[in-house]
Amino acid sequence: MGERKLLFSCVLLAAQLCLSSSQVLRIGGIFETRESELVSMDELAFKFAVNNINRNKTLMPNTTLTYDIQRINLFDGFEASRRVCDQLALGVVAVFGPSHSSSVSAVQSICNALEVPHIQTRWKHPSVDNKDTFFINLYPEYTAIARAILDVVTFFKWRKLTVVYEDSTGLMRMQELIKAPAKFNLKIKIRQLTPGNQDARPLLKELKKDKEFFIIFDCSYRMAAELLKQLSSMGMMTEYYHFFFTTLDLFALDLEPYRYSGVNMTGFRLLNFDDPWVAATMDKWAMERLQGSKQESGLMDGVMTTDAALMYDAVFMVAVASQRATQMTVSSLQCHRHKPWRFGPRFMNLFKEIAAWNSYKGMNLTDKSGRDKNNNVTDSLANRTLIVTTILENPYVMLKKSDKELVGNDRYEGYCLDLLKELSNILGFTYEVRLVGDGKYGAQNDKGEWNGMVRELIDHVADLAVAPLTITYVREKVIDFSKPFMTLGISILYRKPNGTNPGVFSFLNPLSADIWMYVLLACTGVSCVLFVIARFTPYEWYNPHPCNPSSTLIQNNFTLLNSFWFGIGALMRQGSELMPKALSTRIVGGIWWFFTLIIISSYTANLAAFLTVERMDAPIDSADDLAKQTRIEYGAVRDGSTMTFFKKSKISTYEKMWVFMSSRKNTALVKNNQEGITRVLTTDYAMLMESTSIEYISQRNCNLTQIGGLIDSKGYGVGTPIGSPYRDKVTIAILQLQEEGKLHMMKEKWWRGNGCPEEDNKEANALGVENIGGIFIVLAAGLVLSVFVAIGEFIYKARRNADIEECVSFSAVMEDLGLSLQCYKGIRRRSRPHSGARSACIFCQPKRTAKGEGVRRDSST
């Protein structure tokens, strides 16, 4: 009996160890095992930490750290309770593990009752009553991680994203983000991976179809490794996708296969590799792991996971706390007695003094990649092959003519190909040119669906669209554009109007009909005024017989006919023998001469141009002229930016033009520019298109010309999908080409043609009958008129001379006519009365006496 009491006393003494003098300190570990692994990662880290601490004699010089490890099955809470009681009976200062929630709760309740620290390194949902006073979790709080994720989403300015979670705990961890849409104007879709199934390709296919480019995956690193492989097989590892993995072990995965895919991946990491102590610890871990069993699938060889690192920190924390503790003993505790460890609260306070988690300041993110991007623009594009969509359009993209069979990019040439080559030289990428499948630029139908090159960019079939693609508001909402590489506007392409040769009476064209009428009225008016003033002023009357000053007869030269003759002579720049003498008549004459000087000078200046230059008679001069008529049909390229401009315009003229075009879609709208040019040349059709294209076409076809000015102002840009990382780099390269003058040089190269003869540089043509034949007609008409007037005057004078005889014979008239036509005599005698037979008279009248003879007789009497 005495021997039994002695043995019991020895056992009791061995159980009550004083930390100040004891050489052994025991900790307990409860770890869950999987079918795929013999030893869990947490158990390996636990053993590694204990062994590493024992090697460090400076940390625990008088103490050896030992452990008791118990393995249980997953989700076996009863077995976990039994095993933790066994460890507490042995006497442990802390219990580590397990990791799953059902087992954790069972162990935690026992540790709380016996006041033994329970240390956890995995995420656990916090208890509602917060009574887990002896529970320490080194894993960050779920609210802190959720806030950090929200900060990243806000930093990247995401407006639409999808959250994919693995189990229900993921929704708990993402609560802060799920509540964010009301505050941050986010659109969030939530999807769940199929439980127990690692094949996520059906879900990924739906995400790709719905064009979900910003995705947050809340899953373990094992599932993350599988997802990366499946994303790659689905063709989603491109620069347009951005994946955010909430696992803290993303850095530990083998990401080398996706390094050059261009995909954006974001994750958090707790380990600070820049810390020398952390780096040394990880190197030791890597050495042991490489010498031990095979590394878990998906992880890089020898990499310490976050859970392993937290387990190491937890063991290290217990070691540091035990060194700071004084006069503390470890007791054997029995679960059925409910007698707590009296040093437990003190030990817990030491843990809190050693380490603390601070998550109140939020994320402080420095965009290092942005600075690097500015330093070297070619970083993300070097050695990449981009798919470039384009469309055949002269001179931007044309099929190269060659006797040999051409393949690849060598099949094409043009302005856009030169631009693409320059961008490639600057940014360092290679490219593959593909023609757009439907041959369209890109427009939106009534259902909101896009076609053409815009559609290919939306669907990520192409990386760039290098073509005469106009930057518009509606396109900018679905794709991104670089800065414009060419500015232009909409104008009208029409046949050059046929020249009209000057007519026979074209010498009248320099002055309008109104001006000719006003000139005639002015001539008549001035002649009448001159006649009246000359009659009124006394200085225009003179004595016709200067040798007889006493004569009472006075004479005025400005009769009504003479006044008209004076005005016409001045107008014809010939003058007359009549000269005004009075000041008033001279004022009238001077003003009339000044008037005629201006009129004749203006007429002469315009006459040469009207006689030598063909006049262009265009039926339209502007878009307003097109809108006001329906005889000339007009339209644009179907589903192009020009059509969209008129379709969306709110200006009344352009709305009216769109109504006309939409009512004749089958004839007004054409498939491409070449079809429109053919219609302009062969029919009465005007085409609305970009001014640069009109400039190119008119340089090569002198029968076509631009009508009017620009209807709007816009530019051509390089198209990219929304969010493309290439947009800013292409913009910088275009600005560089613009500053170097290469854009202008390329335009000159492809736009310069043979040219058309300029109207202003035409040499003056020799004038023919068709130009000035009217002058001869007027001259002939004047001559004929003068002959008839002369005959009239002759007959009138002959009648006046028959002052005695009652009849004038025909023979007498013929005699006078013969004397008048004798061209070698300048004088003749006045005709005398004839006494011929009256039967030969051609003019008969009563006998009368001339006034002159009566006067003379009165004078002689």
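Up top is the structure these notes are about.
Described in the following lines is the structure provided in the data block. Bear in mind the structure is a predicted one, so any value in this text is a computation, not a measurement. What you see as residue numbers is a count from 1 along each chain, following the sequence as written. Given that this is a predicted model, residues contribute local features only at a pLDDT of at least 70 and side-chain atom pairs are listed and counted only at 80 or more, while totals for whole chains, interfaces and linings are drawn from all residues. Each side-chain value is derived from all of the structure's non-hydrogen atoms; neither hydrogens nor water enter the calculation.

By convention in this document, the label disulfide applies to cysteine sulfur atom pairs within 2.5 Å. Evaluated as defined, the whole model comprises one disulfide. One disulfide bridge connects Cys85 with Cys335, the sulfur atoms lying 2.1 Å from each other. Between Cys85 and Cys335, the S-S torsion sits near -115°, and that sign places the bridge as left-handed. Linking Cys85 in helix H3 (residues 77-90) with Cys335 in the loop between strand E12 (329-330) and helix H13 (344-354), this pair joins segments that are 250 residues apart in sequence. Helix numbering and strand numbering both begin at the N terminus, where a helix is a DSSP run of H or I of at least 4 residues and a strand a DSSP run of E of at least 2.

Right, let's talk about a positive patch on the surface for a bit. On the surface, Lys477, Lys647, Lys648, Lys650 and Lys665 cluster together to form a positively charged patch. By the element assignment, Lys647 lies in helix H22 (residues 641-648). Given a relative accessible area of 33%, Lys647 falls into the partly exposed group. For patch detection, residues must exceed 30% relative accessible area and be free of salt bridges, and they are connected within 9 Å for like charges or within 5 Å for nonpolar side chains (Val, Leu, Ile, Met, Phe, Trp, Tyr). For the area figures, the Shrake-Rupley method with a 1.4 Å probe applies, and any residue is considered shielded solely by the protein chains shown. Basic side-chain nitrogens of Lys or Arg form a salt bridge, by our definition, when they fall within 4 Å of a carboxyl oxygen of Asp or Glu. Under the convention used here, Asp and Glu are negative, Lys and Arg are positive, and both His and the chain ends fall outside the count. Note that the charge is assigned to NZ on lysines, CZ on arginines, CG on aspartates and CD on glutamates. A 1.4 Å probe rolled over the protein chains alone gives each residue an accessible area, and that area as a share of the maximum for its type sets the label: buried under 20%, exposed over 50%, partly exposed in between.

Turning next to the packing of aromatic side chains. Any Phe, Tyr or Trp ring, taking Trp's six-membered ring, that has another such ring centre within 6.5 Å forms a pair; planes under 30 degrees apart are called stacked, those over 60 apart edge-to-face, and the others tilted. Tallied over the entire structure, the rule returns 35 aromatic pairs. Summarising the aromatic geometry, the rings of Phe48 and Trp285 are spaced 5.4 Å apart at their centres and angled 80° between planes, so their arrangement reads as edge-to-face. Within this pair, whereas Phe48 is found in helix H2 (residues 41-55), its partner Trp285 is found in helix H11 (residues 276-291), the two being separated by 237 residues in sequence. Phe48 gets classed as buried once you look at its relative accessible area, which sits at 2%. Pairing Trp277 with Tyr312 gives two aromatic rings, centres 5.8 Å apart and planes at 55°, and the pair type is tilted. Separated by 35 residues along the polypeptide, Trp277 in helix H11 and Tyr312 in helix H12 (residues 306-324) bring together distant segments of the chain. A relative accessible area of 5% places Tyr312 in the buried class. Aromatic rings pair up to connect Tyr396, Tyr415, Phe485, Tyr696, Tyr716 and Trp751 into one cluster. Comment: the charge-over-ring label is applied if NZ (Lys) or CZ (Arg) is within 6 Å of the ring centre and within 35 degrees of the ring normal. The ring of Tyr685 has Arg679 sitting right over it, with the charged end atom 4.1 Å from the ring centre.

Moving on, we get to the environment of Ile734. For Ile734, the position within the fold is in helix H27 (residues 726-739). Look at Ile734 and you get buried, because its relative accessible area is 0%. Any pair of residues with heavy atoms lying within 4.5 Å of one another is described as a contacting pair. Among all residues touching Ile734, those that are not within four sequence positions of it are Leu423, Ser482, Lys483, Pro484, Phe485, Val718 and Leu743.

So, on to the environment of Val659. Structurally, Val659 can be placed in helix H23 (residues 652-663). Taking the C-alpha atoms as reference points, Val659 and Ala627, 32 residues apart in sequence, are found 10.0 Å from one another.

Now for the sheet that holds strand E20 (residues 490-495). Being paired, for any two strands, means DSSP has found at least two bridges between them. Pairing within the open sheet is mixed, and its four strands lie in the order E25-E26-E20-E27. Each end of this open sheet is capped by a strand with a single partner; those strands are strand E25 (633-635) and strand E27 (704-707). Each strand axis lies, on average, 30° off the axis of its neighbour in the sheet, ignoring direction. Relative to E27, E20 runs antiparallel, the two being bridged by four bridges. The residue bridging Arg495 from the neighbouring strand is Leu704, located in E27. In this analysis an axis means a line fitted to C-alpha atoms, helices contributing only their contacting stretch, and an angle means the value between N-to-C directions, from 0 to 180 degrees. Here helix H25 (residues 673-682) sits on the sheet and contacts E20, E25, strand E26 (685-690) and E27; the angle it forms with E26, its principal contact strand, is near 145°. Contacting E20, E26 and E27, helix H26 (residues 691-700) crosses the sheet at an angle of about 120° to E26.

With that settled, consider the side chain of Thr246. One can find Thr246 in the loop between strand E10 (242-245) and strand E11 (264-267). Under this definition, polar contacts are N or O atom pairs within 3.5 Å; protein pairs additionally need one hydrogen-donor-capable and one acceptor-capable atom, and for neighbouring residues in sequence, both atoms have to be side-chain atoms. A distance of 2.9 Å separates the side chain of Thr246 from the side chain of Asp218, its partner in a polar contact. Sequence-distant contacts of Thr246, that is, excluding residues within four places in its chain, are made with Ile149, Met174, Ile216, Phe217, Asp218 and Cys219.

In this section: the packing of H12 against H13. In contact at an axis separation of 9 Å, H12 and H13 are set at 115° when each is read in the N-to-C sense. H12 and H13 meet at a crossing whose hand is right-handed. Note on element contacts: H13 touches H12 through Phe347, Leu350, Phe351 and Ile354, opposite Met317, Val318, Val320, Ala321, Ser322 and Arg324. Ten residues, namely Ala, Val, Leu, Ile, Met, Phe, Trp, Tyr, Cys and Pro, are considered nonpolar, four, namely Asp, Glu, Lys and Arg, are considered charged, and the remaining ones, Gly among them, are considered polar. Here the residues of the contact of H12 with H13 sort into eight nonpolar, one polar and one charged. By definition, turning the near helix anticlockwise from the far helix through less than a right angle yields a left-handed crossing, and turning it clockwise yields a right-handed one.

On the surface, a nonpolar cluster with roughly 390 Å² of combined accessible area is contributed by Ile515, Met517, Tyr518 and Leu521. As for its position among the elements, Met517 is in helix H18 (residues 513-536). Here Met517 falls in the partly exposed class, since its relative accessible area comes to 43%.

As a further point, take the packing of H3 against helix H4 (residues 101-114). It is the contact of H3 with H4, at a shortest axis distance of 8 Å, that shows an interaxial angle of 35°. For the element pair H3 and H4, the recorded crossing hand is right-handed. Taken together, the residues of H4 that come into contact with H3 (itself represented by Gly77, Ala80, Ser81, Val84, Cys85 and Leu88) are Ser102, Ser103, Ala106, Val107, Ile110, Cys111 and Leu114.

Quick look at the pattern of salt bridges now. Counted under the stated rule, the structure contains 27 salt bridges. Residue Glu43 pairs with Lys47 through a salt bridge whose shortest N-O separation is 3.2 Å. Here Glu43 pairs with Lys47, and both are found in helix H2, just four residues apart, close to one helical turn. Judged by relative accessible area, Lys47 falls into the partly exposed class, the value being 24%. Between Arg259 and Glu256 there is a salt bridge, with its nearest N and O atoms 3.7 Å apart. A relative accessible area of 46% places Glu256 in the partly exposed class.

What is shown is where atoms sit, not what they do.
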